[in-house]
Amino acid sequence: MVLQNKAPVTLNKYICRLAEAVLMNRKEGISAAHLCSSINEQFTLSFTIEEIKNALRKKAGNRITENDGLFYLSDQARASLEKNNTAIDTLLEKGKISNLRKKSRNQGFTNHL
């Protein structure tokens, strides 16, 4: 990932996406400390609690909410992520993604999947 002038914005956006991935399986919500340790362990990263809380305050919008010290994934964000996962699973089952990867390599495109 190339981080230039938009480095903080881009980093905050990616931290939010990582938080969404962690919160996807935790409807009961989790504390900032638990969210931080989960992101760091699951993705082999090393963010501080403050970095994660700041990113969520700045970029999470209404997708991730905080209530009584716990972070939650909104129902709308959860539905969106579930829909995307279903589409990816369908493509994987039909072999479409592997075919797309082969095609993109043959055409000289970078593999982003």
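Everything that follows concerns the structure shown earlier in this document.
Everything quoted here is computed from the prediction, not taken from an experiment. Each residue is numbered by its place in its chain's sequence as written, counting from 1. The predicted origin of the model limits local features to residues at a pLDDT of at least 70 and limits the giving and counting of side-chain atom pairs to 80 or more, whereas totals for whole chains, interfaces and linings rest on all residues. The side-chain numbers reported here are obtained from all heavy atoms of the structure, hydrogens and water having been left aside.

Enquirer: Residues and numbers for the overall build of the protein, please.
Expert: Tallying secondary structure elements over the protein gives five helices and three strands in all. For the purposes of this entry, the term helix denotes a DSSP run of H or I that reaches at least four residues, the term strand denotes a run of E that reaches at least two, and both are numbered from the N terminus. Shown N-terminal to C-terminal, the secondary structure of the protein runs as helices and strands in the order α-β-α-α-β-β-α-α. Per-residue accessibility, obtained with a 1.4 Å probe over protein chains only, is compared with the maximum for each type, and a residue is labelled buried under 20%, exposed over 50%, and partly exposed between these values. The buried share of the protein, reckoned over its 113 residues, is 29%. Only heavy atoms enter the contact rule, under which two residues are in contact if any of them lie within 4.5 Å. Looking at the protein alone, contacts between residues at least 24 apart form 49% of all its contacts between residues at least 6 apart. In short, Shrake-Rupley with a 1.4 Å probe defines the accessible areas, and a residue's cover is counted only from the protein chains shown. Accessible area of the protein: about 8000 Å², with a carbon and sulfur share of 50%.

Enquirer: Quick rundown of the packing of aromatic side chains? Include the residues and the values.
Expert: Only Phe, Tyr and Trp rings take part, Trp by its six-membered ring, and two of them pair if their centres are within 6.5 Å. Stacked means planes under 30 degrees apart, edge-to-face means over 60, and tilted covers everything else. Across all of its chains, the model carries zero aromatic pairs by this definition. Here, a charge over a ring is recorded when the distance from Lys NZ or Arg CZ to the ring centre is within 6 Å and its angle to the ring normal is within 35 degrees. The lysine or arginine in question, Lys 13, covers the ring of Tyr 14, its NZ or CZ lying 5.3 Å from the ring centre.

Enquirer: Tell me about helix α3 (residues 49-59), and please be specific about residues and values.
Expert: Here α3 has its buried residues at Ile 52, Ala 55 and Leu 56. One face of α3 carries all of its buried residues, which in axial projection span an arc of 95°. Set apart from the buried face of α3 by more than 90 degrees, the exposed residues are Arg 57 and Lys 58. Here the arc refers to the set of directions running from the helix axis out to each C-beta atom.

Enquirer: Go over the nonpolar core with me, naming the residues and quoting the values.
Expert: Joining through side-chain atoms within 4.5 Å is the link that ties buried Ala, Val, Leu, Ile, Met, Phe, Trp, Tyr and Cys residues into a set, and such a set is a nonpolar core. In terms of nonpolar packing, the biggest core is built from 22 residues, with Leu 35, Ile 39, Ile 52, Leu 56 and Ile 64 touching the most fellow members. Broken down by secondary-structure element, the contributors of at least two residues to this core are α1 (7-23), α2 (32-43), α3, β3 (70-73) and α4 (75-93). Among the elements that take part in this core, α1 stands out by supplying six residues, more than any other. Residue contacts for Ile 52: discarding those within four places in its chain leaves Ile 15, Leu 35, Cys 36, Ile 39 and Phe 47.

Enquirer: Give a description of α2 that names residues and reports values.
Expert: Think of an α-helix as turning once every 3.6 residues; residues three or four places apart then point the same way. Expected span of a helix: the number of residues minus one, times 1.5 Å. Over its 12 residues, α2 runs 16 Å from end to end, which matches the ideal 16 Å to within 8%, given 1.5 Å per residue. Of the residues flanking the end of α2, it is Thr 44, one or two places downstream, whose phi is positive at about 50°.

Enquirer: Quick rundown of the sheet that holds β3? Include the residues and the values.
Expert: Spatial strand order, β1-β3-β2: three strands in an open sheet with antiparallel pairing. In this open sheet, the two edge strands, each paired with only one partner strand, are β1 (30-31) and β2 (64-67). Of the pairings in the sheet, the one linking β1 to β3 comprises two bridges and is antiparallel in character. Its bridge partner lying in β3, Ser 31 is registered against Leu 70. The pairing criterion is simple: DSSP has to find at least two bridges between the two strands.

This is a description of form; function is not addressed.
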